[in-house]
Amino acid sequence: MSNNTSNKIIAIRKGNLQDLPEMLILFQDTITSVCQQDYNPNQLEAWKSGSQNHERWQNVMNEQYILIAESENNMVGFSTLDQGNYIDLLFVHKDYQHLGIASQLYKLLEKEALFHNQKVLTADVSKTAKPFFERMGFTVIQEQTVNVKGIDLINYKMEKELIT
């Protein structure tokens with residue numbers, strides 16, 4: 001892929017079950033390439049192993065509000081909203097970082113939450129994503145250690161009060 005991605009048109013649409021295979025690849029690839037400054041190789045592998053939890057991903061697809069960002073018919077990002085007020089997943093392809101895609105996805109999730117009269121948005125956020133969420137107006141409630149397959153990962157419980 002060329003480095004000249006900033007002039008690509010990004011389309012955002014609702015996700016569906018057919019998107020799952022590409023979502024799983026993007027999930028794993030993004031963790032591997034984008035999060036390596038914040039987590040060691042064992043932590044990255046443990047985190048990526050979440051892609052093998054088929055029941056969890058079926059629940060995501062069946063129960064969550066899913067948005068897919070595409071450029072030239074390729075998935076370049078996705079986000080999900082659970083229970084109307086919890087941002088479960090927000091990932092952007094490594095070649096499309098810092099182009100505003102996460103912001104676009106986030107703003108649509110917030111709009112959806114407001115549409116359903118939610119007062120607060122919450123998320124469990126990686127070290128890598130923490131600065132982005134802070135820019136979106138979230139504050140850290142607490143640092144937490146999550147154990148995945150015997151490996152400890154640090155993340156942050158964050159929230160944002162929504163103004164209606």
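Described below are features of the structure shown in this document.

What counts and what doesn't
- Residues numbered from 1 in each chain as written.
- Predicted model: local features only at pLDDT ≥ 70, side-chain atom pairs only at ≥ 80, totals over all residues.
- Heavy atoms only, no water.
- Phe/Tyr/Trp six-rings, centres within 6.5 Å; stacked < 30°, edge-to-face > 60°.
- Buried < 20%, exposed > 50% of the residue type's maximum accessible area, 1.4 Å probe, protein only.
- Pairing = 2+ DSSP bridges.
- Helix = DSSP H or I, 4+ residues; strand = E, 2+ residues; numbered from the N terminus.
- Axes fitted to C-alpha atoms, helices over the stretch in contact; angles between N-to-C directions.
- Contact = heavy atoms within 4.5 Å.
- 1 Å grid on protein atoms, 1.4 Å probe; cavity = no way out; pocket = protein on both sides within 12 Å on 5 of 7 lines; lining within 4 Å.
- Points joined across faces, edges and corners; volume = space filled by probe spheres on them.
- Nonpolar A, V, L, I, M, F, W, Y, C, P; charged D, E, K, R; others polar.

### Some details on the packing of aromatic side chains
In the structure shown here, the tally under the stated rule is nine aromatic pairs. Aromatic side chains Y39 and W47 sit 5.4 Å apart centroid to centroid with 70 degrees between the ring planes, which places their arrangement in the edge-to-face category. Classification of Y39 as buried rests on a relative accessible area of 4%. An angle of 90 degrees between the planes, with centres 5.4 Å apart, marks the rings of F132 and F133 as edge-to-face. Pair check on accessibility: F132 and F133 agree, each one buried. These aromatic residues form a ring-pair network of at least three members: F27, Y39, W47, W57, F78 and F91.

### Here we look at the sheet that holds strand β5 (residues 120-126)
Read from one edge of the open sheet, seven strands run β1-β2-β3-β4-β5-β7-β6, paired in mixed fashion. Pairing within the sheet leaves two strands with one partner each, and these edge strands are β1 (11-14) and β6 (139-148). When the angles between neighbouring strand axes are averaged without regard to direction, this sheet yields 25 degrees. Bridge analysis of strand β4 (residues 86-92) against β5 gives two bridges, and the strand direction is parallel. By the bridge assignment for β5, I87 is matched with A123. Set on the sheet, helix α2 (residues 41-48) makes contact with β4, β5, β6 and β7 (151-161); between it and β7 the angle comes to about 65 degrees.

### Some remarks on the layout of surface pockets
Roughly 1100 Å³ of internal volume is contained in the largest pocket. Lining the largest pocket are 45 residues; nearest its centre among them are W47, L90, F91, S126 and A129. Considering each element in turn, the lining of the largest pocket owes the most residues, seven residues, to β4. Of the residues belonging to the lining of the largest pocket, the class tally is 28 nonpolar, 13 polar and four charged.

Just distances and angles here, no functional claims.
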